[in-house]
Amino acid sequence: MKKKKLVRIKPVLCAVFVCVCVLLLWSFREQTTEIFVRVAAKSAKLYLPQAAITLESKSEKADKAQLKAAAKVSKAAVKEEDNGKTTQSFGETPKDIVELMKQAKQKSKNEKKDGDISDWQYTNEGVTDKFGAVKVKNVNKTRINIEKLLAQKADLSVSGKEPSVLIFHTHTTETFQLVERDYYPVNNIARSEKEDRNMVRIGKSICEQLEKAGIGYIHDTKIHDARYTGAYDNSRKTVEEYLKKNPSIQVVLDVHRDAIERTDGTKIRPVAKINGKKAAQIMIISGCQEEGNGITEFPDWEQNLVFALQLQKVAEESFEGLMRPLYFCPRMYNMNLTHCSLLLEVGSDSNTLEQAEYAGQCIGNALAKLLKSYTEE
């Protein structure tokens, strides 16, 4: 009798077991399928290499989806710093400029052409002195020895604790094209008080590089050229105030943009390709006091020139083609207020804002490198 009962119980147990298995498989069907696919894929790799391609696709898709999601999180984590501020990669066009470009492209569809714009990369135009990567256009009577001047130390000692650099703009409202094209339109706008598109935007890109390098700075965004006449007097007062309040400031940069036009009305867009992307070329201006040039309050001009040549060297060696020849001329432009005072011309009114902003990143990077070599231990 006992044996007969056992025989009857076995089919019942088997049925219960099958039901439980089916229920489990149904409950965890997605995981089961994934496990089956992975096992089948590994088996296929061993015995049927060609079949493995098909079987493995579902598994790979799952992995890729996970990696994609992780990458998104990783990118967000990298960009989210400084209490929610976002930073862009070097050479990346900022989102606000991309948006301005899109808007300008829509508006430019019905524009009428006024004159031509021509790309030009300055290399040896007007060069009088050259040493290594450094080229100088000297229009003074005073002769210079680049090699000898580069061997000198600039009157500079940088501390990361206090601001060492002042960036300002005598011609704050100077601006750029928002669309790259081979012409400029009728009623071409060359000035704006909007900080997202005038010289303040370029100063900001320079300062971002200094900040990344841990170098203290002040960026003045005042408009000094509400009336063009008297702009240098206005900016001089600003610089004097900052120097009085912040004696740690040693480097003072007046950031402008140029305006270059041929006799036939063609505007010149000075550009160089840096890592495959167009950047506006930059010209450093350094002044000189000499007999007969009318400048009498600039006896230490050579100190400024030493710093100018060093910045020219670092920038050109770091970003070949970025720099136009350094312009050494009979001008002062408030550069007598500090020993490391320079005027920078970033592109011209025919360069795009994107090109100028990228140039700002490059010169900011080079400036940070140079200042790091003067950082106090």
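Our structure's up above, just so we're on the same page.
### Brief notes about unusual backbone geometry
Note: most residues except glycine have negative phi, and most peptide bonds are trans.
At step 1: Even without being glycine, N275 reaches a positive phi, approximately 55°.
At step 2: Along the polypeptide, N275 turns up in the loop between β10 (267–274) and β11 (277–280).
At step 3: Positive phi, normally seen in glycine, also occurs at Y333, with a value near 45°.
At step 4: As for its position among the elements, Y333 is in the loop between β13 (326–329) and β14 (340–348).
At step 5: Residue class for Y333 comes out partly exposed when judged on its relative accessible area of 29%.

### So, the sheet that holds strand β6 (residues 165–168)
At step 1: Spatial strand order, β4-β5-β13-β12-β14-β9-β6-β8: eight strands in an open sheet with mixed pairing. Of all the strands in the sheet, the pair left with one neighbour each is β4 (129–131) and β8 (217–219). With direction set aside, neighbouring strand axes in the sheet form an average angle of 25°.
At step 2: Relative to strand β9 (residues 251–258), β6 runs parallel, the two sharing four bridges. From the neighbouring strand, I167 faces β9, where its bridge partner is L253.
At step 3: Docked against the sheet, helix α6 (residues 199–212) engages β6, β8, β9 and β14, running at close to 165° with respect to β8.

### Let's talk about the packing of α6 against helix α9 (residues 353–372)
At step 1: Orientation of α6 relative to α9, taken along the N-to-C sense of each, is 35°, at an axis distance of 7 Å. Where α6 crosses over α9, the two elements pack in a sense that is right-handed. Every residue of α9 that contacts α6 at R201, I202, S205, I206, Q209 and L210 is listed here: L353, A356, E357, G360, Q361, I363, G364, N365, L367, A368 and L371.
At step 2: Of the residues that constitute the contact of α6 with α9, the class distribution is nine nonpolar, six polar and two charged.

### Topic: the state of the cysteines
At step 1: Taken as a whole and assessed by the stated rule, the structure comprises zero disulfides.
At step 2: The cysteine C288 is free of any disulfide, with C329 supplying the nearest cysteine sulfur at 8.9 Å.
At step 3: Judged by relative accessible area, C288 falls into the buried class, the value being 0%.

### What about the pattern of salt bridges?
At step 1: Under the counting rule described, the total for this entry stands at 14 salt bridges.
At step 2: For R181, the salt bridge identified is with E111, shortest N-O distance 2.5 Å. With R181 in the loop between β6 and β7 (183–185) and E111 in the loop between α4 (95–107) and β3 (113–120), this pair connects stretches of sequence that are 70 residues apart.
At step 3: Owing to a relative accessible area of 31%, E111 belongs among the partly exposed residues under this scheme.
At step 4: A salt bridge links D119 to R269; the shortest N-O distance between them is 2.5 Å. Taken together, the residues span a long stretch of sequence, with D119 in strand β3 and R269 in strand β10 at a distance of 150 residues.
At step 5: With a relative accessible area of 5%, R269 lands in the buried category.
At step 6: Salt bridges here are not isolated pairs; linked through shared partners, they connect D119, E180, R269 and K278.

Calculation rules
Residues numbered from 1 in each chain as written. Predicted model: local features only at pLDDT ≥ 70, side-chain atom pairs only at ≥ 80, totals over all residues. Heavy atoms only, no water. Helix = DSSP H or I, 4+ residues; strand = E, 2+ residues; numbered from the N terminus. Buried < 20%, exposed > 50% of the residue type's maximum accessible area, 1.4 Å probe, protein only. Pairing = 2+ DSSP bridges. Axes fitted to C-alpha atoms, helices over the stretch in contact; angles between N-to-C directions. Contact = heavy atoms within 4.5 Å. Left-handed = near helix turned anticlockwise from the far one by under 90°. Nonpolar A, V, L, I, M, F, W, Y, C, P; charged D, E, K, R; others polar. Disulfide = S-S within 2.5 Å. Salt bridge = Lys/Arg side-chain N within 4 Å of Asp/Glu carboxyl O.

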